[in-house]
Structure formats: structure tokens, C-alpha cells
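Observations on chain architecture
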Amino acid sequence: MYLRDNASLQGRVIDVMPQGTSVEVYGMTQDGWYHVNYEGTEGYCYYRWLNFEGTADGTVHDGKQTEMFATCDLNVRDAPGMHGKVIGVLTTDEAVAVSHKENYWFTVDYHGQTGYCYGEYLGFTRGGYQDPNDTAGRNVMNDEVEGGATSTMNQLTVTAPLNVRTAPSMSGAIIGSLARGTVVSALEQTPDRWVRISFNGTDAWVFGDYLA
């Protein structure tokens, strides 16, 4: 997993953290980037790729339970996905015990019942995390999910006609194309330069070498 020097896909890669590495977590920015310390170096990694379960001081150890806080009024669902039935709502700054993360969805203990929350809206502190290194201000990734917030922080421009695929590889089926000059919002990036975007309302992938 890449460690970047700022909380965006445009951040310079300053190190690569091997799978299974434990890091100290300071907090999560409003756009879903964890501010971490890896072997004495501070940087940022996207929340989907870090299992945060661990001790109260933020040390990462998968398989343990961690208290987190809703950063806005947040639906709790009975299944991990937007298709899950809403079984309750966490109010802003309400604490919830989190035991597992799968992709973007966190497993929570909601009044003794197993529930699921979209992870981008769960943070480590009440009142939100104020990143001392964040010069971009308050940003939220351009996912049309629970909060519905948008920003331009992760927008990229297509530099040449670009195929849109169902999977992050050349073997992924082509489901469309993007013209040069099209602006897209990057939702994540793999180590081998594939970028996930929303295409006609569904998750899709494009090769990052043709984005700037």
C-alpha cells in the first residue's frame, strides 16, 4: 500500500507499506484518508486499504474492536451495501463499536445488533479530525453515497481517448470510453495505476496513465 505525502491521489508516494504492516493512526481526514506514522514517517493512505481494528491509541491490529464516531448523521444498515435495509441512524459524534471492515463498509455493534455503516463517515474522534497538514480544507470524495457531498479534490482529466472497463486490468470487459478532456472523479487507485471511477452510475476502471 502506498504512503503519500498528502491526502489525495495526487500525493507523492513516499514509501510502500508491506501487507500486514502495523502503523500508528492519528486520524482520518474528511475525504477518507488516514493520517498515519509508518516507521517514523508521517503520511496518508486511503481508508479502504487499512484495517484499523486495534487499541484505543490507534495501533493497527486486525480482529479487535475499536470505538469510532459518526462524522454526520449516518444510516446503519442490516447488510454491507446501499441495498441493506436501514435499521437505525447514528447521530453526529455518536460512538459505535467497530469490529471489521470489508471494502467501504464497516461492521458495527448497533444496540446489540450487527449493523453496517459506510466507512467514510466514521472517524476516530468526536468533532471531526483537524489535520494539521491539510491545506486543502474540508473535502469529501465525490461518491454519491450516504452523505451526498461532493468536491473537486480528486478530479482528474482524461488526456487521450480511454476505455472504461469492469475490472482493473486489460482483461476487464470494455463497457464504454471517455473522450479526451473528460473530467472524472477518482475514487481509488491501485498500486499498478488503475483508477476506479463512477461510470453511468456503476463502479468502473480506467488506466491511470491517461489521467492528469
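Note: the structure precedes this text.
Residues numbered from 1 in each chain as written. Predicted model: local features only at pLDDT ≥ 70, side-chain atom pairs only at ≥ 80, totals over all residues. Heavy atoms only, no water.

Here strand β18 (residues 194–199) lies mainly inside the structure; five of its six residues are buried. Where β18 lies against strand β19 (residues 202–207), six bridges are found, and the strand directions are antiparallel. Opposite I197, over in β19, you have A204 as the bridge partner. Between β18 and β19, which pair antiparallel and follow one another directly, the connecting turn spans two residues, one of which, N200, has a positive phi of 55 degrees. (Buried < 20%, exposed > 50% of the residue type's maximum accessible area, 1.4 Å probe, protein only. Helix = DSSP H or I, 4+ residues; strand = E, 2+ residues; numbered from the N terminus. Pairing = 2+ DSSP bridges.)

Okay, the pattern of salt bridges next. In the structure shown here, the tally under the stated rule is three salt bridges. Between D5 and R12 there is a salt bridge, with the nearest N and O atoms lying 3.6 Å from each other. As a salt-bridge pair, D203 and R196 come within 2.8 Å of each other at their nearest N and O atoms. For D203, a relative accessible area of 47% puts it in the partly exposed group. (Salt bridge = Lys/Arg side-chain N within 4 Å of Asp/Glu carboxyl O.)

Next up on the list: the nonpolar core. Nonpolar side chains in soluble globular proteins generally cluster together in the buried interior. Counting 47 residues, the largest nonpolar core has Y34, L90 and L122 as its most contacted members. When near neighbours in sequence (up to four residues on either side) are disregarded, L90 contacts A70, C72, D73, L74, V76, V96, Y110, C117 and L122. (Core = buried A, V, L, I, M, F, W, Y, C linked by side-chain atoms within 4.5 Å. Contact = heavy atoms within 4.5 Å.)

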